[in-house]
Amino acid sequence: MSTTATPAPAPAERALHDCRDAFVATLIELADADPRIVAVVNDSVGSSKLNPFAARFGDRLVNVGIAEQDMVGVAAGLANGGKIPFVSAASCFLTARAMEQIKVDAAYSQSHVVLCGMSPGMAYGELGPTHHSIEDLAWLRTLPGLTVLVPSDPAETAQAIRWAAQHDGPVFVRVSRMGVPDVNPPGYQFAPGRAVTLRDGSDITLIATGTVVVRALDAADLLAAEGIFARVLSMPSIKPLDGDAIEAAARETGAIVTVEEALTSGLGGAVAEVVVRRHPVPMRFVGVPDTFAPTGSVQWLLDHFGISADGVAAAVRDVLASSTRHRGDLPVGG
């Protein structure tokens, strides 16, 4: 079941952070304590911000060049030899070019390989669909035995990396490039398969993951001004998924909107599978629909697909307007 967190600071107070900084600092901390920790990259030292790691542990960084399939295969071999490899590469290339190796060498073989998908979603906005990684959650959640994590802020990123280091099995972690605020409160403890209630509400539930959790929180503020009180669940673990929290949200709020910086078959599809089996309710999906995202800045792309406070609020109004449960008893904006 989900845990409930203290509300995060108001938007005006939020400072933005690059989760790659938390990733590298945590990896260095782990490597200091455990000589088994190694990094495997594909000419991605700079883009992964691994220069400080390379300076400290040059003999524990393997750069295979632009050869992503080899990168995952080498990491699996290192794991078989007793090392704990962290594979660090742009998520678009890691999950597309090396999908068979992720499936066979990591998931099927149950190798202790930590796959760190850097700059996921539409972080490489202007470079277009070849560099966007909007499919990764949909692809990877289908693989048996692979844990799929999407931290929402730097503190959660650090905790997810620490957990992955000690977990005896393959893990994929999305590591955000886009600046995000702290959304989890001091003292928060990450656990795979557990959602976090960041805001209570009884009229509808917003389930968000990663970089867009803050947008769901901002949408809840907009809706509260209209008399619509939205529960906000942060879902840092796509697989395993917190089915109990999803079922409780469906039973207690009667409608769900999912929010992700990915194809809506990622988090949205995963949540829908739980809802349809356990407690069907009206749903809407905010994310990238069945299309390749065009070229543009990150902010433009998010707005283009309605992955914004206004876009999420509009999806809430739409589902409530079409829901018999709410149509007669809640104010619905235009």
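Worth saying up front: this structure is predicted, and the values here are computed from it rather than measured.

About the criteria used
- Residues numbered from 1 in each chain as written.
- Predicted model: local features only at pLDDT ≥ 70, side-chain atom pairs only at ≥ 80, totals over all residues.
- Heavy atoms only, no water.
- Helix = DSSP H or I, 4+ residues; strand = E, 2+ residues; numbered from the N terminus.
- Rg over C-alpha atoms; globule rule 2.2 N^0.38 Å.
- Buried < 20%, exposed > 50% of the residue type's maximum accessible area, 1.4 Å probe, protein only.
- Contact = heavy atoms within 4.5 Å.
- Areas by Shrake-Rupley, 256 points an atom, 1.4 Å probe, with all protein chains shown as cover.
- Lys, Arg positive; Asp, Glu negative; His and termini not counted.
- Charge placed at Lys NZ, Arg CZ, Asp CG, Glu CD.
- Phe/Tyr/Trp six-rings, centres within 6.5 Å; stacked < 30°, edge-to-face > 60°.
- Expected span 1.5 Å × (residues − 1).
- Polar contact = N/O pair within 3.5 Å; in protein donor to acceptor, adjacent residues only side chain to side chain.
- Pairing = 2+ DSSP bridges.
- Axes fitted to C-alpha atoms, helices over the stretch in contact; angles between N-to-C directions.
- Core = buried A, V, L, I, M, F, W, Y, C linked by side-chain atoms within 4.5 Å.
- 1 Å grid on protein atoms, 1.4 Å probe; cavity = no way out; pocket = protein on both sides within 12 Å on 5 of 7 lines; lining within 4 Å.
- Points joined across faces, edges and corners; volume = space filled by probe spheres on them.
- Nonpolar A, V, L, I, M, F, W, Y, C, P; charged D, E, K, R; others polar.
- Salt bridge = Lys/Arg side-chain N within 4 Å of Asp/Glu carboxyl O.

### A word on the overall build of the protein chain
- A count of helices and strands for the protein chain gives 13 helices and 13 strands.
- Rg of the C-alpha trace for the protein chain: 19 Å, near the compact-globule value of 20 Å for 334 residues, within the 12% margin.
- Split into buried and exposed, the 334 residues of the protein chain put 60% on the buried side.
- Partitioning the intrachain contacts of the protein chain with sequence separation of at least 6 by distance along the chain shows that 78% fall at a separation of at least 24.
- Surface accessibility of the protein chain: about 12500 Å² in total, with carbon and sulfur atoms responsible for 53%.
- Computed over 25 positive and 36 negative side-chain charges, the separation of the two mean positions in the protein chain equals 3 Å.

### Quick look at the packing of aromatic side chains
- A complete count under the given rule lists two aromatic pairs for this structure.
- Seen in terms of ring centroids, phenylalanine 53 and phenylalanine 57 are 5.1 Å apart; in terms of plane orientation they differ by 45°. Their pairing is tilted. The exposure classification of phenylalanine 53 matches that of phenylalanine 57, with both residues buried.
- With a centroid separation of 6.5 Å and 75° between ring planes, the pair formed by tryptophan 163 and phenylalanine 190 is classed as edge-to-face. Of this pair, tryptophan 163 sits in helix α7 (residues 154-166) while phenylalanine 190 is found in the loop between β7 (171-175) and β8 (196-199), placing the two residues 27 residues apart along the sequence. For the pair shown, tryptophan 163 and phenylalanine 190 are each scored as buried.

### A look at the environment of methionine 118
- Within the element layout of this structure, methionine 118 appears in strand β5 (residues 114-118).
- For methionine 118 and alanine 90, which are 28 residues apart along the polypeptide, the C-alpha to C-alpha distance reads 4.5 Å.
- If we ignore the near neighbours within four places in the chain, the residues touching methionine 118 are Arg20, Phe23, Ser48, Ser88, Ala89, Ala90, Ser91 and Val175.

### Quick word on helix α8 (residues 213-224)
- When the terminal C-alpha atoms of α8 are compared, their 17 Å separation across 12 residues agrees well with the 16 Å that a helix rising 1.5 Å per residue should span.
- Within α8, nine of the 12 residues are buried, which leaves it mostly tucked inside the rest of the structure.
- Buried within α8 are the following residues: Val213, Val214, Arg215, Ala216, Leu217, Asp218, Ala219, Ala220 and Leu223.
- Those residues of α8 hidden inside the fold are in contact with β8, β9 (204-208), β10 (230-234), α11 (298-304) and α12 (309-321).

### Quick notes on the environment of glutamine 69
- Tracing the chain through its elements places glutamine 69 in helix α3 (residues 68-80).
- A residue is classified by how much of its surface remains accessible, and glutamine 69, at 43% relative accessible area, is partly exposed.
- Along the sequence, glutamine 69 and alanine 96 sit 27 residues apart, while their C-alpha atoms lie 9.6 Å from each other.
- Excluding anything up to four places from it in sequence, glutamine 69 contacts Arg97, Ala98 and Gln101.
- In terms of polar contacts, glutamine 69 uses its side chain to reach the backbone carbonyl oxygen of arginine 97, at 3.2 Å.

### Comments concerning the sheet that holds strand β6 (residues 147-149)
- With mixed pairing, the seven strands of this open sheet are ordered in space as β3-β2-β4-β5-β7-β6-β11. Strands at the two margins of the open sheet, each flanked by one partner only, are β3 (61-63) and β11 (237-239). The average undirected angle you get between the axes of adjacent strands in this sheet is 20°.
- In this sheet, β11 lies alongside β6 in antiparallel orientation, the contact comprising two bridges. Bridge pairing in β11 places leucine 149 opposite serine 237.

### Some words on the nonpolar core
- With 71 residues, the main nonpolar core has Phe23, Phe53, Phe86, Met122, Leu206, Val257 and Ile307 as its most contacted residues.
- In this structure, phenylalanine 23 is in contact with Ser48, Leu50, Phe86, Ser88, Cys116, Met118, Thr157, Ile161 and Val175, ignoring residues within four places of it in sequence.
- Ranked by size, the runner-up nonpolar core spans 37 residues in total, among them Met71, Ala79, Val271 and Val275.

### Topic: empty space enclosed by the protein
- Summed over the entire model, instances satisfying the criterion amount to one cavity of 30 Å³ or more.
- The calculated volume of the largest cavity comes to roughly 50 Å³.
- Looking at the largest cavity, the residues that line it are Pro120, Val150, Pro151, Arg174, Ser176, Gly210, Thr211 and Glu261.
- Among the residues forming the lining of the largest cavity, the class breakdown is three nonpolar, three polar and two charged.

### Quick notes on the pattern of salt bridges
- Inspection of every chain in the model, using the stated rule, returns 16 salt bridges.
- In this structure, the salt-bridge partner of arginine 36 is aspartate 34, at a minimum N-O distance of 2.8 Å.
- Salt bridges sharing common partners tie together Asp18, Arg20, Asp21 and Lys49.

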